[in-house]
Amino acid sequence: MPRRLWWSSFLFVLGVIGCTSPPTTTKQDRPVHFRIPSHFPPMVHPTDNEPTEARLEFGRRLFYHTALSQNETTSCASCHVQSAAFTDGRVTSPGLNGHAGVRNTPTLANLAWSPYLMSEGGVPSLELQALAPLHEPLEMGMNMMIAVDRLNQDAYLRTLNQRAYGRDSIDPFTITRALACFQRSLISGDSKFDQYKMGAAELTSKEAKGLALFSEVGCANCHREPFFTDYGFYNIGLYSVSTDPGLERKTHIKSDSGKFKTPTLRNIAVTGPYMHDGSMSSLEEVIAFYNAGGTGARLQDERIRALHLSAEDEEALIAFLETLTDWNFLQNQQFTPLSE
Amino acid sequence: MKSARYFIMACAALTLLLSACKNTATQEDPETEVAANGQFNLRMDAKWGNEDFVIEQVYLDTYGNRIRVDQFLSYVSQIFLVHENGTEVLLKDFYLANFENDVELPFEVPAGRYTGLKLGLGIPAAYNKHEDPAQYPSSHPLSVAGSQGMFWYWNTGYIFTKFEGKIDTTGTPDAALLDSFLFHIGDDPYYRELTFENLNVTVPANGAVDMQLRIFVDQILAPVAGSSLDLATNAVTHTSEQDVLATTFFDNYAAAIVVE
């Protein structure tokens, strides 16, 4: 039985028995329909978490709320900063659990289409992913319950929670649903490249050359349109022995060592430093790495090989990558913090 | 499977609601006794040899290491009592045992003679990785609060057993225990079903009987039947990066559980 049906029968039973007072009338919540770029596939929402106004507002407030961290100084936005396409410009991010402090903060753009999350793809939904950063290493579980207590002291948030999910108090279920709902709204599909695809902009000859090269030399095999990722896992040969096991951590298969999920290249010009460990500081460095054919590490994917690109070709590739920056996304007023 | 579970949840919710409304309900049906029940108490005691095992107490293991266990938690699932006629009575679907305390779980079961006990170590695959802890009420052992940190948030799925503490590897008497050992075991292949047969427990009608499940912690480390596990040389696994060590630990753990 779908959960919604279950809830409605639950409410029905409540009504019939009539042993609780009738729910206080609150402002009606309204469904929200995201504007999906026409060259993107449709977005699928979990049946228990279709977007509504209250859910989005609740999620957006939680995303910027420091009550979610133990010492009340950190929010999701401390590491996922809108102006950097929800990354943070740091090499790696210090310390929350599930984010072991060894990985670079990834962008949150277009995650609604991602079949799984994290570098090793172990987390199947945004709802579940929201639990990861909420857990400090030493007090997992407890920490979420502290956050729940803190949030419930805010009458406005409680009302919002009630309107969004029909539950009187804020709990792990509503927190994770709301964060996921907000994150699904983080759609980036209005870059110069997108406008070019829709016939609304023209690429310079350098950008056009870069776009052609991107396919010719095989980047597009893994960084596939429209999200510039195929969600596959590859060892691109960064290290001969990877200190971060990558996919192997999940599969326990030795040959998966050093494989990471192909990252999206949308907004790539503003999301440096690059790679899972932030080890490359510029796009020039990344392109030089690919041009050299990686390091030739033992487990390196066979598609990463010397490209023999000229300096001009390298510049063209970078110019093309820069067309993937979506300025409207970086400044979208729907994603900014809300005042009290 | 899923729909059955929702149905059970709905029934549970309904029962809860009905009992919550008891004071306002007009009349109640007299309860009809079908068969006499008795109380079956399942105790889970961690032992170190013949003594009660105590968290944070220093022990000498068979390798001569001075060790101290700071945390020992374990999921036990699908606990069934097997009647002599073969009927299986579900006692509990999920339980998170924290061996900091002795565990005593009381159950009401039909009176009679029982000859077997079945239980799973860990969480069965059907519930392990496909569950969202946030969907359970906080009182449930699989919920965010109830799981007490026994969940792999980077990867989903429950940590079946946590066994952590400190060890002195210098061999100096009275030296502080400075090195750590840590076993976080959990993934579908590690789930173990244990069956204890040829038991003889009679649950008296309207009476009570105890059963002891003993976990010999000293034997996890130096088992009679399993493989050796010297905490001084082999001491840290989160399952994936040291799966051989994880398997050894979990096999030994399963072998160190005895019904008395």
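Everything numeric here is computed off the predicted structure, so don't read it as measured data.

Undergrad: I keep staring at the overall build of chain A and nothing clicks. Help me out?
TA: Of the regular secondary structure elements, chain A holds 14 helices and two strands. Looking at the 340 residues of chain A, the share that counts as buried comes to 55%. Here the analysis covers contacts within chain A between residues at least 6 apart in sequence; of these, 67% occur between residues at least 24 apart. By element, 55% of the accessible surface of chain A is carried by carbon and sulfur atoms, the whole surface being about 16000 Å².

Undergrad: How should I be thinking about the domain arrangement of chain A in this particular structure?
TA: Interface size, as often reported, equals the accessible area lost upon joining of the parts. Residue and element names in this part refer to chain A. In terms of domains, chain A is made up of domain 1 (3-188) and domain 2 (192-324). Across the contact, 29 residues belong to domain 1 and 24 residues belong to domain 2. Here domain 1 packs against domain 2, burying approximately 2200 Å² in sum over the two surfaces, 57% of which is carbon and sulfur. Counting every contact that joins domain 1 to domain 2 gives two salt bridges. E120 serves as the salt-bridge partner of R249, at 3.4 Å between the closest nitrogen and oxygen.

Undergrad: Looking at this structure, how should I read the nonpolar core?
TA: In globular proteins that are soluble, nonpolar side chains generally tend to be buried together. Among the nonpolar cores identified, the biggest contains 129 residues, and F40, M44, F72, L117 and Y253 of chain B are the most heavily contacted of them. It is strand β4 (residues 66-83) of chain B that provides the largest number of residues to this core, a total of eight residues. In this structure, V217, I236, A316 and L317 of chain A belong to the second largest nonpolar core, which totals 30 residues.

Undergrad: Is there a simple way to think about helix α6 (residues 155-165) of chain A in this case?
TA: Because each turn of an α-helix spans 3.6 residues, side chains separated by three or four positions in sequence point in the same direction. Residue and element names in this part refer to chain A. The set of residues buried in α6 consists of L157, L160, N161, Q162, R163, A164 and Y165. Taking the backbone nitrogen of Y156 as reference, a side-chain oxygen 3.0 Å away marks D154 as the first, capping residue of α6. Positive phi shows up at G166, right after α6, with a value of about 65°.

Undergrad: Would you take a moment to explain unusual backbone geometry for this structure?
TA: Here the residue pair E225 of chain A and P226 of chain A is connected by a cis peptide bond, since its omega of 0° sits within 30 degrees of zero. If you trace the backbone, P226 of chain A turns up in the loop between α10 (219-222) and β1 (233-234). Going from G272 of chain A to P273 of chain A, the amide bond is cis rather than trans, its omega being -5°. Tracing the backbone through its elements, the reader meets P273 of chain A in the loop between β2 (260-261) and α12 (283-291). Positive phi is not limited to glycine here, since Q148 of chain B has a value of about 45°. With respect to the secondary-structure elements, Q148 of chain B resides in the loop between α2 (125-128) and β8 (161-168).

Undergrad: I keep staring at the environment of A316 of chain A and nothing clicks. Help me out?
TA: Residue and element names in this part refer to chain A. Relative to the assigned elements, A316 resides in helix α13 (residues 311-322). Considering only alpha carbons, one finds A316 and M118, 198 residues apart in sequence, at a separation of 30 Å. For A316, the contacting residues outside a window of four places in its chain are K206, K209, G210 and L213.

Undergrad: Honestly, the side chain of E120 of chain A in this entry has me stumped. Any pointers?
TA: On the secondary structure map, E120 of chain A appears in the loop between α3 (76-79) and α4 (126-129). On the basis of relative accessible area, E120 of chain A is assigned to the buried category, the value being 1%. Sequence-distant contacts of E120 of chain A, defined by excluding residues within four places in its chain, comprise R103, F233, G246, L247, R249 and K250 of chain A together with W154 of chain B.

Undergrad: Looking at this structure, I do not really get the packing of aromatic side chains. What am I missing?
TA: Geometrically, a pair of aromatic rings is defined through the distance of the ring centres and the angle of the planes. In total, this model carries 35 aromatic pairs over all chains according to the counting rule given. Aromatic pair Y75 of chain B and Y158 of chain B: ring centres 5.7 Å apart, planes at 80°, arrangement edge-to-face. With Y75 of chain B in strand β4 and Y158 of chain B in the loop between α2 and β8, the pair connects residues that are 83 residues apart, well separated along the chain. Y158 of chain B carries the same exposure label as Y75 of chain B, and that label is buried. Among the aromatic residues, those joined into a ring-pair cluster are F72, F99, F160, F163, F181, F183, Y190, F249, F250 and Y253 of chain B. It is R177 of chain A that lies over the ring of F173 of chain A; its NZ or CZ is 4.2 Å from the centre.

Undergrad: Just to check I follow, could you spell out the side chain of T336 of chain A for this structure?
TA: Residue and element names in this part refer to chain A. Along the chain, T336 turns up in the segment after α14 (327-331). Look at T336 and you get buried, because its relative accessible area is 18%. A polar side-chain atom of T336 sits 3.0 Å from the main-chain carbonyl oxygen of Q333. Filtering out sequence-adjacent residues up to four positions away, T336 remains in contact with R60, Y64 and Q82.

Thresholds applied
Residues numbered from 1 in each chain as written. Chains lettered and ligands numbered in written order. Predicted model: local features only at pLDDT ≥ 70, side-chain atom pairs only at ≥ 80, totals over all residues. Heavy atoms only, no water. Helix = DSSP H or I, 4+ residues; strand = E, 2+ residues; numbered from the N terminus. Buried < 20%, exposed > 50% of the residue type's maximum accessible area, 1.4 Å probe, protein only. Contact = heavy atoms within 4.5 Å. Areas by Shrake-Rupley, 256 points an atom, 1.4 Å probe, with all protein chains shown as cover. Domains from an automatic or database assignment. Buried area = accessible area lost by both parts, 1.4 Å probe. Salt bridge = Lys/Arg side-chain N within 4 Å of Asp/Glu carboxyl O. Core = buried A, V, L, I, M, F, W, Y, C linked by side-chain atoms within 4.5 Å. Polar contact = N/O pair within 3.5 Å; in protein donor to acceptor, adjacent residues only side chain to side chain. Phe/Tyr/Trp six-rings, centres within 6.5 Å; stacked < 30°, edge-to-face > 60°. Lys NZ or Arg CZ within 6 Å of the ring centre and 35° of its normal.

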